[in-house]
Amino acid sequence: MSVVGEPDDELLARVFLTRVLEPGDEVGGRWVREFGVREVARRLAEGGPPLPGVGGKRWTGLLARAETARPHEDLAVARDAGVRFVCPGRPEWPGQLDDLGDARPLGLWVRGRAGLRMWALKSVAVVGARACTEYGAHMAATLAAGLAEQGWVVVSGGAYGVDGAAHRGALGAGGATVAVLACGVDRPYPRGHTQLIGRIAEQGLVIGELPPGDHPTPSRFILRNRVIAALTRGTVVVEAAHRSGSLVTARAAQRLGRHTMGVPGPATSGLSAGVHELLRGEAALVTDAADVVELVGDIGELAPDRRGPVLPRDLLEPATRQVLAALPGGRPARPDEIARRAQTAQEDAIARLYELRALGYVERHGDAWKLTRQAVMSVRSGPGPC
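A quick note: this is a predicted structure, and the numbers were derived from the prediction, not measured.

Conventions adopted
Residues numbered from 1 in each chain as written. Predicted model: local features only at pLDDT ≥ 70, side-chain atom pairs only at ≥ 80, totals over all residues. Heavy atoms only, no water. Helix = DSSP H or I, 4+ residues; strand = E, 2+ residues; numbered from the N terminus. Buried < 20%, exposed > 50% of the residue type's maximum accessible area, 1.4 Å probe, protein only. Contact = heavy atoms within 4.5 Å. Areas by Shrake-Rupley, 256 points an atom, 1.4 Å probe, with all protein chains shown as cover. Pairing = 2+ DSSP bridges. Salt bridge = Lys/Arg side-chain N within 4 Å of Asp/Glu carboxyl O. Axes fitted to C-alpha atoms, helices over the stretch in contact; angles between N-to-C directions. Parallel < 35°, antiparallel > 145°, perpendicular 65-115°, else oblique. Left-handed = near helix turned anticlockwise from the far one by under 90°. Nonpolar A, V, L, I, M, F, W, Y, C, P; charged D, E, K, R; others polar. Right-handed = clockwise from strand over helix to strand, strands pointing away.

Engineer: Sorry, what's going on with the overall build of the protein chain here?
Structural biologist: Summing up its helical and strand segments, the protein chain has 17 helices and 11 strands in all. Classification of the 386 residues of the protein chain by burial places 54% in the buried group. Taking contacts inside the protein chain between residues at least 6 apart in sequence as the whole, the part at least 24 apart equals 70%. With an accessible surface of roughly 16600 Å², the protein chain has 52% of that area assigned to carbon and sulfur atoms.

Engineer: What's the story with the environment of Leu121 in this structure? I'm lost.
Structural biologist: If you trace the backbone, Leu121 turns up in the loop between helix H6 (116-120) and strand E3 (123-128). As a C-alpha pair, Leu121 and Leu231 span 110 residues in sequence and 8.2 Å in three-dimensional space.

Engineer: Honestly, the pairing of strand E7 (residues 234-238) in this entry has me stumped. Any pointers?
Structural biologist: Two faces make up the sheet, and in a regular strand the side chains alternate between them. With five of five residues buried, E7 is to be regarded as a mostly interior element. Burial along E7 is two-sided: the face carrying Gly234, Val236 and Val238 and the face carrying Thr235 and Val237 are both buried. As defined by bridge partners, E3 adjoins E7 across four bridges and the pair is classed as parallel. Within E7, the residue paired with Gly128 across the bridge is Val238. In this sheet, strand E8 (residues 259-263) lies alongside E7 in parallel orientation, the contact comprising five bridges. By the bridge assignment, Val236 is partnered in E8 with Met261.

Engineer: Sorry, what's going on with the pattern of salt bridges here?
Structural biologist: Where charged atoms of side chains with opposite charge meet at close range, the side chains can pair. For the structure on display, the rule yields 22 salt bridges. Across the salt bridge formed by Glu10 and Arg14, the nearest N and O atoms sit 3.3 Å from each other. Taken as a pair, Glu10 and Arg14 lie in helix H1 (residues 9-20) at a separation of four residues, close to a single helical turn. Residue Arg220 is joined to Glu22 by a salt bridge in which the shortest nitrogen-to-oxygen separation is 2.7 Å. Of this pair, Arg220 sits in helix H10 (residues 218-231) while Glu22 sits in the loop between H1 and helix H2 (26-35), placing them 198 residues apart in sequence. For Arg220, a relative accessible area of 7% puts it in the buried group. Note on Glu22: relative accessible area 24%, which makes it partly exposed. Bridged by salt links that share partners, the residues Arg19, Glu22, Arg65, Asp74, Asp214 and Arg220 form one connected network.

Engineer: Can you help me understand the packing of H10 against helix H11 (residues 245-255) in this one?
Structural biologist: Two numbers describe a pair of packed helices, the interaxial angle and the distance between the axes. Look at H10 against H11: their axes get within 8 Å of each other, and the N-to-C directions meet at 45°. One finds that H10 runs oblique with respect to H11. Where H10 crosses over H11, the handedness of that crossing is right-handed. Counting all contacts with H10, which are made through Ile222, Asn225, Arg226, Ile228 and Ala229, the residues of H11 involved are Gly245, Val248, Thr249, Ala252 and Ala253. Across the contact of H10 with H11, the residue classes tally to six nonpolar, three polar and one charged.

Engineer: Can you help me understand the pairing of strand E4 (residues 153-156) in this one?
Structural biologist: Burial along E4 is two-sided: the residues Val153 and Val155 and Val154 and Ser156 are all buried. Summarising the sheet, E3 and E4 pair through three bridges and their orientation is parallel. Bridge assignment links Val124 to a residue of E4, and that residue is Val154. Between E3 and its parallel partner E4, the chain crosses via helix H7 (residues 134-149), and the hand of that crossover is right-handed. Relative to strand E5 (residues 177-181), E4 is paired through three bridges, and the arrangement is parallel. Looking at the pairing, Val155 lines up with Val178 of E5. Taken together, E4, helix H8 (residues 162-172) and E5 form a β-α-β motif whose crossover is right-handed.

Below you can see the structure in the form of structure tokens.
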């Protein structure tokens, strides 16, 4: 399929290449820099001789991908899903992504009404463990809410654990948040976060490098992290084991000259071991949003007066609060009973119960779920668990 000679052939060429080249492909990025995006797309579309830097086997694989690329169809699908494609050099393009050099994205698929470039100018990444503790979820939500209240955009990866808590904290504070996905932005992942990602798209932005319908892979998650690091003024890591993907984000931020911060945890916690390793290096220790603002804020921007952190129940989505309210006060209950009382599907109730467990509201007893002692006490006293 021809991708040149169109009214906006550069955009079409870049959309075409998102189907052919993997995110962060530095060889492909060098081709684009040296030959231009139109020429690279033409050579791949027409099946010419290999471009420099690849062998015959890989070139054959790229040509096979090129045969199935349909940029016009991708743009049509995106348009129907309320998604736009933002190219380098266009007004909405965040210039800080150019710091990635040949690993710069070919473009970004963007879902949401806000302007990406302006939001990225005052943004902070909050990342961490998927299987986080109650402490990690609390710190992520509190940090994100505090940053949002001060006008900062919270960027994360939309995953379970710390990512989800950070997004919810920003949304609950009425602030702005951006989810950077490792798949097509019209295909929310993980599936358990479909409603959360939909809410982010309504109140914030969902962005990614992969074309509509494309699926995530382990390597795409890792490569996605460089975009989070480059897009933001700094990265805060909340809980991370030694081999955590969030450490990849932090190290990318360091290489790019961005601020790198870590929230300390218990000395005995394996989920904080990676953060402590960062803190022994060049990362700064932070405990609240005020610490973060002092580091990443503009000259003359003062951190607000300190106050005790809060994690109220109204940070939860309404449907999640409904599931929480459906749990009996003094006994465990099975998911089907909880779903019936919450007037939702059992699958949805189970996903929300796991979120509530991460936040310290519920605990699992075999096949049943029960309010934690801390949550029962908070019902009596008013505020959510801290």
